[in-house]
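Spelled out, the chains give:
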Amino acid sequence: MNYFIAVSAVLLLGILLFGEKRDDVTWKLVSKPLLSALFILTALLSQWNVPSLAVWVLGGLILSWLGDFFLIFPRERTFLFGLIAFLLGHVSYAVGFYLHGSLELWSIIALILLFGLGAVIFRWLRPNLGSMTHSVIAYIVVISVMVSGAAALFVDPRWSITGRSTILIGAVLFFTSDIFVARNKFVSEDFMNRLIGLPLYYAGQFLIALSVGLI
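Predicted, not measured: the structure shown is a model, and the values here were computed from it.

Bringing the pattern of salt bridges into the picture now. When charged atoms on two side chains of opposite charge get close, those side chains can pair. Within this structure, the stated rule accounts for 4 salt bridges. Between Glu20 and Arg194 there is a salt bridge, with the nearest N and O atoms lying 2.1 Å from each other. Here the residue Glu20 occupies a position in helix H1 (residues 3-22), and Arg194 occupies one in helix H8 (residues 191-211), the gap between them amounting to 174 residues. With a relative accessible area of 26%, Arg194 lands in the partly exposed category. Residue Asp23 pairs with Lys28 through a salt bridge whose shortest N-O separation is 3.2 Å. Using a relative accessible area of 53% as the deciding quantity, one classes Asp23 as exposed.

So, in structure tokens, the structure goes:
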């Protein structure tokens, strides 16, 4: 990764966490859109070894940027818009991953396990979902499919092990970070959710962005 991008990302993440701690929209607006733009820039500056995959990854990154922007604001409607943007981003990732992966036994098992984990997470969140129940179900299904797509790509020997591993780790970190987003929104609003979830999220996104130059 470009040294300037790496240093800028760390600084902006610190500012964003400061804004989250203070629950200050201004600090979030100063930092989050710029920080998320850096993972898009990372993909754009990487060598696109497999352009047919890179375009889907770039689409997912751009939609994620949009989702990050909406999630800055506390209103339920903007949260829903953010959820939809991320859902579409996961669709973009999943299409790219599955088109370049192998639907073998390992990846099918991964999908079954992810759906099982998703069911557990949904049961945990369900008492507090209210009108967002169906939206959250759709999101859990799509992100599970996205991670299983990363697993399908991981088992395909056509691609470098470095690139495949980077995508899979990035997807798993993204999935994990969203558990903390859900906990903060629907279970217990706590700065620790952001302190853990945001670094996981950005690590995952930067890894996915870097993968287009490693695959």
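From this point, the discussion proceeds with the structure in view.
For the rest of this paragraph, the subject is helix H3 (residues 51-71). Its 21 residues place the ends of H3 30 Å apart at the C-alpha level, agreeing with the 30 Å of an ideal helix rising 1.5 Å per residue. For H3, the full list of buried residues reads Leu53, Ala54, Val57, Leu58, Gly60, Leu61, Ser64, Gly67 and Asp68. Those residues of H3 that are buried are in contact with helix H2 (25-45), helix H4 (76-99), helix H6 (133-154), helix H7 (161-187) and H8.

By size, the foremost hydrophobic cluster in this structure holds 57 residues, and its most contacted members are Phe97, Met146 and Tyr202. A per-element tally of this core places H6 first, with 10 residues. If we skip the residues at most four places from it in the chain, Tyr202 touches Leu13, Leu16, Lys32, Leu35, Ser36, Phe39 and Asp68.

Relative to the 30 Å expected for 21 residues at 1.5 Å per residue, H2 spans 30 Å between its end C-alpha atoms, a close match to the ideal helical length. Residues of H2 that are buried include every one of Lys28, Ser31, Lys32, Pro33, Leu35, Ser36, Leu38, Phe39, Ile40, Thr42 and Ala43, and no others. Of the surrounding secondary structure, the elements contacted by the buried residues of H2 are H1, H3 and H8. Backbone nitrogen of Thr26 and a side-chain oxygen of the N-cap are separated by 2.8 Å at the start of H2; the cap is Asp24.

This part is about the packing of H6 against H7. Contact geometry of H6 with H7 gives a least axis separation of 8 Å together with a crossing angle of 165°. Regarding the angle of H6 to H7, the classification is roughly antiparallel. Crossing of H6 over H7 shows left-handed handedness. Two secondary-structure elements touch here, H6 through Val136, Tyr139, Ile143, Ser144, Met146, Val147, Ala150, Ala151, Leu153 and Phe154 and H7 through Ile161, Arg164, Ser165, Ile167, Leu168, Ala171, Val172, Phe174, Phe175, Asp178 and Phe186. Classifying every residue of the contact of H6 with H7 gives 17 nonpolar, 2 polar and 2 charged.

For the rest of this paragraph, the subject is the packing of aromatic side chains. Following the criterion strictly, the structure yields 15 aromatic pairs and no others. Ring plane angle 80° and centroid distance 6.3 Å describe the contact between Phe39 and Tyr201, whose orientation is recorded as edge-to-face. Of this pair, Phe39 sits in helix H2 while Tyr201 sits in helix H8, placing them 162 residues apart in sequence. Tyr201 matches Phe39 in its accessibility class, with the two residues each being buried. When the centroid spacing of 5.9 Å and the interplanar angle of 5° are considered together, the rings of Tyr93 and Phe97 count as stacked. Of this pair, Tyr93 and Phe97 are both found in helix H4, 4 residues apart, which corresponds to roughly one turn of the helix. Judged by relative accessible area, which is 0%, Phe97 ranks as buried. One aromatic cluster is present, formed by Phe39, Phe86, Phe174, Tyr201, Tyr202 and Phe206 through successive ring pairs. The ring centre of Phe79 lies 4.7 Å from the NZ or CZ of Lys185, which sits over that ring.

Basis of the calculations
Residues numbered from 1 in each chain as written. Predicted model: local features only at pLDDT ≥ 70, side-chain atom pairs only at ≥ 80, totals over all residues. Heavy atoms only, no water. Salt bridge = Lys/Arg side-chain N within 4 Å of Asp/Glu carboxyl O. Helix = DSSP H or I, 4+ residues; strand = E, 2+ residues; numbered from the N terminus. Buried < 20%, exposed > 50% of the residue type's maximum accessible area, 1.4 Å probe, protein only. Expected span 1.5 Å × (residues − 1). Contact = heavy atoms within 4.5 Å. Core = buried A, V, L, I, M, F, W, Y, C linked by side-chain atoms within 4.5 Å. Polar contact = N/O pair within 3.5 Å; in protein donor to acceptor, adjacent residues only side chain to side chain. Axes fitted to C-alpha atoms, helices over the stretch in contact; angles between N-to-C directions. Parallel < 35°, antiparallel > 145°, perpendicular 65-115°, else oblique. Left-handed = near helix turned anticlockwise from the far one by under 90°. Nonpolar A, V, L, I, M, F, W, Y, C, P; charged D, E, K, R; others polar. Phe/Tyr/Trp six-rings, centres within 6.5 Å; stacked < 30°, edge-to-face > 60°. Lys NZ or Arg CZ within 6 Å of the ring centre and 35° of its normal.

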